[in-house]
Every structure is written in structure tokens, then in C-alpha cells.
Amino acid sequence: MKIAVLGAGAVGCFFGGLLAEQGQSVILITRPAHAEAITSQGLGIHEGERTRFIHAVKATTDSSALADAGLVLCCVKADQVVQAAEAIRTYTHHGVPVLALQNGLTSADHLANRLPDHQVWPVLVYAAIGMKAAGIVAHRGGHTLCLDQRARATSWHPSLVGELIALDHSDDMTAARWRKLIVNCVLNALSAVAQKSYGELMQVPSMMDVMDALFYECAAVAAACEVAIDPGLRDDILHIVRTMPEQYSSTAQDIARGRVTEIEEFNGFIMQKGREHQVPTPVNTTLYTLTKAIEVP
Ligand SMILES: NC(=O)C1=CN([C@@H]2O[C@H](COP(=O)(O)OP(=O)(O)OC[C@H]3O[C@@H](n4cnc5c(N)ncnc54)[C@H](OP(=O)(O)O)[C@@H]3O)[C@@H](O)[C@H]2O)C=CC1
Ligand SMILES: CC(C)(CO)C(=O)C(=O)O
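Remember, predicted model here, so these are calculated numbers, not experimental data.

A word on the site of ligand 1. Near ligand 1, the surroundings consist of 23 residues, among which Val11, Arg31, Gln80, Asn103 and Glu262 are the closest. Arg31 has a polar side-chain atom sitting 2.9 Å from an oxygen atom of ligand 1. Counting only elements with at least two residues in the shell around ligand 1, the list comes to helix 1 (10-21) and helix 9 (250-257). Grouping the constituent residues of the shell around ligand 1 by class yields 10 nonpolar, eight polar and five charged.

Shown next as C-alpha cells:
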């Protein structure tokens, strides 16, 4: 079965590369600079001081490569989901499973609404990744994909299984998606506004107080939305930070690249839900506003 990765940047190149290394037939649909570099030198995965090149992976800029895919990994940013859905609708057969790897709660739902004849599965990414150069992805920690427990019963699930990708199965994807949302609300905007890695952020006096304030506001909003958040998530976030100290959040990378961020999906979403449920969210609102102030118009 061919796996097509639509929007192969950091997440798509990394997990597409690991799937190829696990023996799957993978095609990356990506931008011209990445496609050219991967076609000529292989896909580079940079870890620590070393870059390994994967040659058993194809790359193209042409979305029609989706046509014979048995599984699609949609790895574009939130603002690119509508265009991605259009490409998937145009080129794939009805019923083809689509994994939505976006952060935030809304992108997978947008994809599902636009692809009623496909099976869209939200997948949560716990990994620290960024593009280092054309065709070379830097991996700075984590290699977990969290997906619905029910995915185990599908025909495509075995194609994800292997030694390189850690699969975590959840029997409550609503809570799992909120957990990841809260991770992003606590870390992403702080890293973006300060332009600091997680390790650097933790050196800043009183940063922990700000992270706690973000966390407890998010947990209060989740509770108002009838989603119970395990208080142990606070420690899990600290664990994530410790396992990827060199990572700049994907939002920090967006700011550095001069591209629009996904902040509406993170602290902006909490702010909005807080308003709806009369839960005050002053710290999330501050981080949302500061991120908007520094992102491209
Ligand atoms: N980076 C990380 O560590 C993590 C990211 N995530 C989430 O994963 C998602 C993807 O993030 P990330 O990989 O970092 O983002 P990237 O911007 O690195 O990757 C998306 C890539 O898709 C390209 N693209 C978009 N549309 C198309 C298209 N139609 N055809 C070909 N290429 C296309 C983009 O090009 P261009 O930029 O030119 O538009 C970009 O290169 C986001 O929702 C993010 O929040 C989740 C966990 C960790
Ligand atoms: C996992 C984490 C927090 C990694 O930085 C992420 O989701 C992101 O940067 O968007």
C-alpha cells in the first residue's frame, strides 16, 4: 500500500521518513526545494550531530501523486487544510483513510467536514521537529503518534507499526486532543514571543508561574466544556520540555519564518471558549495578543 504525505515539511518529512525506514512505500508531496533536494540526495534526518539520508522515499510537488495512495497523512498547517482537502477530494478514491496531524482541535474537523466520503482520523504528534535545510529535517526529541484506540481494527493500522514510531492509543480522543491543545497553549506562544527554546525558557525566572497560570486557565476552560483534565498533565508538560530542550515550538518557527501562526487554534481557541463559558483567561489572552502583534499581517 502506498502512503502519501501531503504537505511534507517538518512533521511530514520526519514521520514519512520513519515510515519509509519501517519498510513502507512513501511519497512526500512537498514544495519544490524539498522535492528537488530529496530526489537528488535522499531525505535527511538530522539528530544530535549526525544526518542520515533515507533513499527509499520519493518526493514530488504534484498532488496527483495522491491518486493511488491507500493512506494519506495530511501534514499541512491549519491555514492550509482547506486547500489540502480539495486536493485529497480531487485525487483520491472515496473511503481512503486520511490521518490529520495538525495541532489544535479544529483542523481535523474541518478536514472531516470537507471530506465526507473519506475516513478522517485525528492524530496527535508528540515530537520536536523543524526543517534544517531543503530536504533535511531536524529531530529534537519525541517520536510518538497518539490515535484513536479504534484505529487498531483498521486495515491501514499495521502500516504504521514498527520500531521507529511510538504509537499511543487513546480510548478518549476528546480528552487526548484537549491534552495536546493544553500542551500547545502552555508552550508554543511563550517560545514564539521570547524566541527561545524550551530549555532556555525554563532558565527565565518566574517562567514557571506563567506556565502554571496558562495551564490552570486552560484546565478551567476544559472543565467548563465538560472535559476532565488530569492534573498530572502539568508534570507531563514539564517532562515534554525536559525531553526536547533544544526545540523552538512550531509557533516560534512560524514567527522566525515570517509565516502566519496557528495561534487562533491554541490560546485564541481557549480565549474564545473562555468567553463563551464566562471563564476568565487573562494570561492566554495576553499570549494570544502578543503573538498576533509579532506575526505577519
Ligand atoms: N513542528 C513540530 O515540531 C510539530 C508540529 N505539529 C503540527 O503539525 C502540523 C504541521 O507542522 P509542521 O510540519 O511543523 O509545518 P511545516 O510548515 O514545516 O510543514 C507543512 C509543509 O507543507 C507544505 N505544503 C502546504 N500545502 C502544500 C501543498 N498543497 N502541496 C505541497 N506542500 C504543501 C508547506 O509549504 P509552505 O510552508 O511553503 O506553505 C510546508 O512545507 C501543524 O499543525 C503543527 O502545529 C505538531 C507537533 C509538533
Ligand atoms: C510537541 C510540541 C510542543 C513540540 O514543540 C508541538 O506540538 C509544537 O511545537 O507545536
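Moving on, we get to the environment of Val81. The residue Val81 is located in helix 3 (residues 81-91) in this model. As for Val81 and Arg114, which are separated by 33 residues in sequence, their C-alpha atoms are 9.5 Å apart. Ignoring any residue separated from it by four or fewer positions in sequence, one finds Val81 in contact with Val76, Gln102, Ser107, His110 and Leu111.

Take the state of the cysteines next. Think of a disulfide as a covalent bridge from one cysteine sulfur atom to another cysteine sulfur atom. Taken as a whole and judged by the stated rule, the model has zero disulfides. Cys75 carries a free sulfur, and the closest cysteine sulfur to it, the one in Cys74, is 6.7 Å from it. Residue class for Cys75 comes out buried when judged on its relative accessible area of 12%. Of all cysteine sulfurs, the one in Cys75 lies closest to Cys146, which takes part in no disulfide; the gap is 16 Å. Cys146 gets classed as buried once you look at its relative accessible area, which sits at 4%.

Below, the discussion takes up the UniProt feature "domain: Ketopantoate reductase N-terminal" (unreviewed entry) in the protein chain. The sites that carry the UniProt feature "domain: Ketopantoate reductase N-terminal" (unreviewed entry) are, in the present numbering, residues 3-145. When the span residues 3-145 is considered, its composition is 29% helix and 35% strand, and the gap between its end C-alpha atoms is 16 Å.

It is worth spelling out a nonpolar patch on the surface at this point. Residues Val193, Leu290 and Ile294 make up a contiguous nonpolar surface patch of about 220 Å² in total accessible area. With respect to the helices, strands and loops of the structure, Leu290 is situated in helix 11 (residues 282-294). Leu290 sits in the partly exposed class, given a relative accessible area of 41%.

Note that Leu164 resides in the loop between strand 12 (144-148) and strand 13 (166-170). Here Leu164 is in contact with Leu18, Glu21, Gln22 and His143, once residues within four sequence places are set aside.

Positive phi, close to 65°, is recorded for Glu226, a residue that is not glycine. With respect to the helices and strands, the residue Glu226 is situated in the loop between helix 7 (207-224) and helix 8 (233-243). By relative accessible area, Glu226 is classed as exposed at 77%. Phi is positive for Gln278, which is not a glycine, with a value near 55°. When you line up the elements, Gln278 lands in the loop between helix 10 (267-276) and helix 11.

It is worth spelling out the sheet that holds strand 12 at this point. Pairing in this open sheet of three strands is mixed, and the strands run 9-12-13 from one edge to the other. The strands lining the two open edges of the sheet, one partner per strand, are strand 9 (124-126) and strand 13. Neighbour-to-neighbour, the strand axes of the sheet open up by a mean angle of 25°, direction not taken into account. Of the strand pairs in this sheet, strand 12 and strand 13 are connected by five bridges, and their pairing is parallel. Note on strand 13: the bridge partner recorded for Leu145 is Leu167.

Bringing the site of ligand 2 into the picture now. Close to ligand 2 lie Asn103, Ala127, Lys180, Asn184, Asn188, Tyr198, Met244, Gln247, Ser249 and Ser250, which account for all nearby residues. Here an oxygen atom of ligand 2 and a side-chain polar atom of Gln247 are 3.4 Å apart. Within the side chain of Ser250, one N or O atom sits 2.5 Å away from an oxygen atom of ligand 2. The protein chains hide 96% of the 280 Å² of surface that ligand 2 would expose on its own. Of all the elements, helix 5 (residues 173-194) adds the most residues to the shell around ligand 2, at three residues. Classifying every residue of the shell around ligand 2 by side-chain character gives three nonpolar, six polar and one charged.

Reading the values: rules and limits
- Numbering of residues starts from 1 in every chain and runs along the sequence as written.
- Lettering for chains starts from A, numbering for ligands starts from 1, and both go in the order in which the items are written.
- For this predicted model, a pLDDT threshold of at least 70 governs which residues receive local features, and a threshold of 80 or more governs which side-chain atom pairs are given and counted, while totals over whole chains, interfaces and linings are taken from all residues.
- Each side-chain value is derived from all of the structure's non-hydrogen atoms; neither hydrogens nor water enter the calculation.
- Nearness of a residue to a molecule or strand requires only that one of the residue's heavy atoms be within 4 Å of it.
- Counting of polar contacts relies on pairs of N or O atoms within 3.5 Å, with two restrictions inside protein: one atom must be capable of donating a hydrogen and the other of accepting it, and residues adjacent in sequence are counted only when both atoms are side-chain atoms.
- In DSSP terms, a helix is any run of H or I states spanning at least four residues, a strand is any run of E spanning at least two, and both are numbered starting from the N terminus.
- Three classes are used, and their members are as follows: Ala, Val, Leu, Ile, Met, Phe, Trp, Tyr, Cys and Pro are nonpolar, Asp, Glu, Lys and Arg are charged, and the others, Gly among them, are polar.
- In what follows, a contact means two residues having at least one pair of non-hydrogen atoms within 4.5 Å.
- Two cysteine sulfurs form what is called a disulfide whenever their separation falls within 2.5 Å.
- The cut-offs for exposure are 20% and 50% of the maximum accessible area for each residue type, with area from a 1.4 Å probe on protein chains only; residues under the lower value are buried, those over the upper are exposed, and the others partly exposed.
- UniProt positions are given in the numbering used here, feature names are shortened, and annotations may be inferred rather than shown by experiment.
- The patches reported here contain residues having more than 30% relative accessible area and no salt bridge. Joining distances are 9 Å for like charges and 5 Å for nonpolar side chains (Val, Leu, Ile, Met, Phe, Trp, Tyr).
- Under the convention used here, a 1.4 Å probe and the Shrake-Rupley method define accessible areas, while residue burial counts only the protein chains that appear.
- A pairing counts as a salt bridge when a side-chain nitrogen of Lys or Arg comes within 4 Å of a carboxyl oxygen of Asp or Glu.
- DSSP-based pairing: two strands are paired if at least 2 bridges between them are found.
- As a rule, the C-alpha atoms of each element are fitted with a line to give its axis, helices using only the stretch in contact, and angles between N-to-C directions run from 0 to 180 degrees.

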